[in-house]
Amino acid sequence: PETGRMHQIRVHLAHIGRPILGDVLYGGSPAIAGHAASRTMLHAYRLSLPHPEGGLFTAHAQVPEDYRALAGVLGLHAEQLAEDSHSERIADKTKR
């Protein structure tokens, strides 16, 4: 990356005691509730960035199957978590 901050989010989360599941380099557990994480479980469902010509550019990425499967055995629904998080951020912005 041009910024040189390739692992920045991983380092910051580990520093505050919230390492990413499967991120053994920065203290994350390789498993949760007896279920192994096949990789670092970090995924961006939606990214919105300023577009150089104005407005926002938004990219969506489907939740990978291994991420979805692990979330499912933990009683979570990965797509719903992503949508709920987005809805909460929009609601927070409208309260300001």
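Residues numbered from 1 in each chain as written. Predicted model: local features only at pLDDT ≥ 70, side-chain atom pairs only at ≥ 80, totals over all residues. Heavy atoms only, no water.

S.K.: Can you explain the side chain of D23? Please cite residues and give values.
M.R.: Of note, D23 is situated in the loop between α1 (8-15) and β1 (31-32). With relative accessibility at 2%, the residue D23 sits in the buried group. (Helix = DSSP H or I, 4+ residues; strand = E, 2+ residues; numbered from the N terminus. Buried < 20%, exposed > 50% of the residue type's maximum accessible area, 1.4 Å probe, protein only.)

S.K.: So, the side chain of R10: which residues are in play, and what are the values?
M.R.: Residue placement: R10 occurs in helix α1. Each residue touching R10, except ones within four places of it in the same chain, is listed here: I20, D23, L25, Y26 and L42. (Contact = heavy atoms within 4.5 Å.)

S.K.: Let's hear about the pairing of strand β4 (residues 56-60): which residues, and what values?
M.R.: Relative to β4, strand β3 (residues 46-50) runs antiparallel, the two sharing five bridges. Within β4, the position partnered with R46 by the bridge is H60. Between β3 and β4, which pair antiparallel and follow one another directly, the connecting turn spans five residues, one of which, G54, has a positive phi of 110°. (Pairing = 2+ DSSP bridges.)

S.K.: Please set out the environment of H60 residue by residue, giving values where relevant.
M.R.: Looking at the element boundaries, H60 is found in strand β4. In this structure the C-alpha to C-alpha distance between H60 and R46, which are 14 residues apart in sequence, comes to 4.5 Å.

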